[in-house]
Amino acid sequence: MQSKPNILLIYTGGTIGMIKDFETGVLKAFNFKKLLQKIPELKHLDCNIETVSFKKPIDSSNINPQKWVEIAEIIEDKYVHFDGFVVLHGSDTMSYSASALSFMLENLSKPVVFTGSQLPIGDLRTDAKENLITAIQIASLQQKGKPVIHEVCLYFEYKLYRGNRTTKINAEHFNAFASPNYQHLAESGVHLNVNSNLILPKQSTKN
């Protein structure tokens, strides 16, 4: 019997990891160890989820090359133990980080999916849940026991983009990203449709 994919959720900071105190209105960091309690829909995904967070989650405006190295080192350290990785990141600089990681992580045979949100995870109209659930679903996609995606990607508002081909185009709407020079790799609707002819082939030099 084929085992479930193991997915590592890496929280670096950003709106997606915040939850509002409804008495004070103050935003505070979300405890990702209680992820399944807050988002029970994740139990329907056919995968095992573990989480790790930066010791001090950062605002995306403070991202720098040292933080890119930190993300890459987490993935490198955990690479053989997981089948896919989801990086939760502030949206303002997510394109920069996804692009940087796409060049830092060479010869991938597993997916690294960046995602975030425009509204905190606890807001009534939040986009965080859909982005998070689908990003994990994409990271866990397998065919004959092997990951379908083998590159760094960015998922936001129903579309999966190549990580180094994205740009943020809007700070007010959920449809915040675009990839003007390359088609999206997948689209989420009633079904999750992957454009298999557009994704990078599996590299043979790293297992």
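Described below are features of the structure shown in this document. (Residues numbered from 1 in each chain as written. Predicted model: local features only at pLDDT ≥ 70, side-chain atom pairs only at ≥ 80, totals over all residues. Heavy atoms only, no water.)

1. A few points about the sheet that holds strand 10 (residues 159–162)
Here is the rule: Pairing between strands is defined by DSSP: at least two bridges between them are needed. Elements are defined by DSSP. Helices are runs of H or I of four residues or more, strands are runs of E of two residues or more, and each kind is numbered from the N terminus. To get an axis, fit a line to the C-alpha atoms, keeping to the stretch in contact for a helix; angles then go from 0 to 180 degrees between the N-to-C directions. Contact criterion: two residues are considered in contact whenever any of their non-hydrogen atoms come within 4.5 Å of each other.
Pairing in this open sheet of 8 strands is mixed, and the strands run 4-1-5-6-9-10-13-14 from one edge to the other. Every other strand in the sheet has two partners, leaving strand 4 (48–53) and strand 14 (192–194) as the edge strands with one partner each. Across the sheet, the mean angle separating the axes of adjacent strands is 20° when strand polarity is ignored. In the sheet, strand 5 (residues 84–88) pairs with strand 6 (residues 112–115) via 4 bridges, with the strands oriented parallel. Paired with Val-86 across the strands is Val-113, a residue of strand 6. Each of strand 6 and strand 9 (152–156) touches helix 3 (residues 94–104); the most contacted strand, strand 9, lies at about 160° to it.

2. Digging into the pairing of strand 9
The test is simple: Exposed residues in this analysis have more than 50% of their type's maximum accessible area, buried residues have under 20%, and partly exposed residues fall in between, with area computed by a 1.4 Å probe over protein chains only.
Within strand 9, 5 of the 5 residues are buried, which leaves the element mostly enclosed by the surrounding structure. Residue alternation in strand 9 divides its side chains into two sets, Val-152, Leu-154 and Phe-156 and Cys-153 and Tyr-155, and both sets are buried. Alignment of strand 6 against strand 9, held across 3 bridges, turns out to be parallel. Bridging across to strand 9, Phe-114 finds its partner in Leu-154. Relative to strand 10, strand 9 runs antiparallel, the two sharing 4 bridges. Bridged to Leu-154 within strand 10 is Tyr-161. Taken together, strand 9 and the strand that follows it, strand 10, pair antiparallel across an intervening segment of 2 residues, in which Glu-157 is found at a positive phi of about 50°.

3. With respect to the nonpolar core
Keep this limit in mind: Within this scheme, the nonpolar core is defined by two criteria: the residues are buried Ala, Val, Leu, Ile, Met, Phe, Trp, Tyr or Cys, and they are joined through side-chain atoms within 4.5 Å.
With 33 residues, the main nonpolar core has Val-86, Leu-132, Ile-136 and Leu-160 as its most contacted residues. Listing elements by their share of this core, those giving two or more residues are strand 1 (6–11), strand 2 (18–20), strand 5, helix 4 (128–139) and strand 9. Discounting chain neighbours no more than four positions away, the residues touching Ile-136 are Ile-7, Leu-9, Leu-42, Leu-45, Cys-47, Ile-49 and Val-86. Grouped together as the second largest cluster of nonpolar side chains are 28 residues, Ala-72, Leu-101, Val-112 and Phe-114 included.

4. Brief notes about unusual backbone geometry
Outside of glycine, negative phi angles account for most residues, and trans bonds account for most peptide bonds. Of note, Glu-157 is a non-glycine position whose phi angle comes to about 50°, a positive value. If you trace the backbone, Glu-157 turns up in the loop between strand 9 and strand 10. Although it is not a glycine, Tyr-158 adopts a positive phi angle of roughly 75°. The topology assignment puts Tyr-158 in the loop between strand 9 and strand 10.

5. What about the pattern of salt bridges?
What counts, and what does not: Note on definitions: salt bridges are taken to be side-chain nitrogens of Lys or Arg within 4 Å of carboxyl oxygens of Asp or Glu.
If you walk through the whole model with that rule in mind, you get 3 salt bridges. Across the salt bridge formed by Lys-67 and Glu-70, the nearest N and O atoms sit 3.6 Å from each other. Placement of both Lys-67 and Glu-70 in helix 2 (residues 65–78) is noted, with a separation of 3 residues, approximately one turn of the helix. Accessibility expressed as a relative area gives 28% for Glu-70, which makes it partly exposed. One salt bridge connects Arg-162 with Glu-151, and the closest N-O pair in it is separated by 2.7 Å. One end of the pair, Arg-162, is in strand 10; the other, Glu-151, is in the loop between strand 8 (146–147) and strand 9, with 11 residues separating them in the sequence. Each member of the pair, Arg-162 together with Glu-151, is buried.

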